[in-house]
Amino acid sequence: MSWNQYCAFPSASVAVISGIDGKQAWGVKGDWKASGEELAKMAKSQAGTMCSHAGEKLMIVQPDVEGCLFGASAKNGLVIKKLKKVMLAGICAKENKDKLIEEVNKFAESLKAGGY
């Protein structure tokens, strides 16, 4: 399975899987436009952190929603899942937040089982 498949969340318009340090994207879905610096910021994020993707600012507003971080802008949501060795992140319409969290957690299960 390619790294791109590990972030192919159906509810996300764009998504990424990177190392836990966020320095490099291992796989993407769609036109992921966050820089390595921004990925690293997402990997270290907590409540109140401002993240951005393609010029859109998203603030982490919920630090633990079913094991994920949730950030929001006026129209979009950002879901981040940190595992031992990798970080998964996806952006969706805010109203799809719960569905994306469920998908991210499902994809994360196989990564956890593999020691990631």
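These numbers were taken from a predicted model, which means no experiment stands behind them. (Residues numbered from 1 in each chain as written. Predicted model: local features only at pLDDT ≥ 70, side-chain atom pairs only at ≥ 80, totals over all residues. Heavy atoms only, no water.)

1. Focus on the sheet that holds strand β5 (residues 68-72)
Sheet architecture is open: seven strands sit in the order β2-β1-β7-β6-β5-β4-β3, paired in antiparallel fashion. The open sheet has two free edges, formed respectively by β2 (25-29) and β3 (50-53), since each of these has just one partner strand. Averaged over all adjacent pairs, the angle separating strand axes in this sheet is 25°, with direction ignored. Bridge analysis of strand β6 (residues 76-82) against strand β7 (residues 86-93) gives seven bridges, and the strand direction is antiparallel. The partner of Lys81 across the bridge, within β7, is Leu88. Against the sheet, helix α1 (residues 36-43) engages β1 (14-19), β2, β3, β6 and β7, with an angle of about 140° to β3. Along the sheet, helix α2 (residues 97-113) makes contact with β1, β4 (56-65), β5, β6 and β7, crossing β7 at roughly 160°. (Pairing = 2+ DSSP bridges. Helix = DSSP H or I, 4+ residues; strand = E, 2+ residues; numbered from the N terminus. Axes fitted to C-alpha atoms, helices over the stretch in contact; angles between N-to-C directions. Contact = heavy atoms within 4.5 Å.)

2. Overview of the packing of aromatic side chains
A ring pair, where both rings are aromatic, is described by two values, the distance of the centres and the angle of the planes. Under the counting rule described, the total for this entry stands at four aromatic pairs. A ring pair is formed by Trp3 and Tyr6, whose centres lie 5.6 Å apart and whose planes are at 45°; its orientation type is tilted. Given the relative accessible area of 28%, Trp3 is considered partly exposed. Looking at Tyr6, the relative accessible area reads 17%, which means it is buried. Note on Phe9 and Phe107: the rings are 5.0 Å apart at their centroids and 80° apart in plane angle, and the pair reads as edge-to-face. Placement of Phe9 in the segment before β1 and of Phe107 in helix α2 is noted, with a sequence separation of 98 residues between them. Assessed through its relative accessible area of 0%, Phe9 is described here as buried. An aromatic cluster is built from Trp3, Tyr6, Trp26 and Tyr116, whose rings are joined through pairwise contacts. Cation over ring: Lys85 sits above Tyr116, and NZ or CZ is 5.9 Å from the ring centre. Above the plane of the ring of Phe70 lies Lys97, whose end atom (NZ or CZ) is 4.8 Å from the centre. (Phe/Tyr/Trp six-rings, centres within 6.5 Å; stacked < 30°, edge-to-face > 60°. Buried < 20%, exposed > 50% of the residue type's maximum accessible area, 1.4 Å probe, protein only. Lys NZ or Arg CZ within 6 Å of the ring centre and 35° of its normal.)

3. Here we look at α1
The set of residues buried in α1 consists of Glu38, Leu39, Ala40, Met42 and Ala43. Where α1 is buried, its residues contact β1, β2, β3, β6 and β7.

4. Regarding the state of the cysteines
This structure, assessed with the given rule, holds zero disulfides. As a non-bridged cysteine, Cys7 has Cys68 as the owner of its nearest cysteine sulfur, 14 Å distant. No disulfide involves Cys92; its sulfur sits 11 Å from the nearest other cysteine sulfur, which is in Cys68. (Disulfide = S-S within 2.5 Å.)

5. Section: the pattern of salt bridges
Within this structure, the stated rule accounts for one salt bridge. For Asp31, the salt bridge identified is with Lys33, shortest N-O distance 3.3 Å. Each member of the pair, Asp31 together with Lys33, is exposed. (Salt bridge = Lys/Arg side-chain N within 4 Å of Asp/Glu carboxyl O.)

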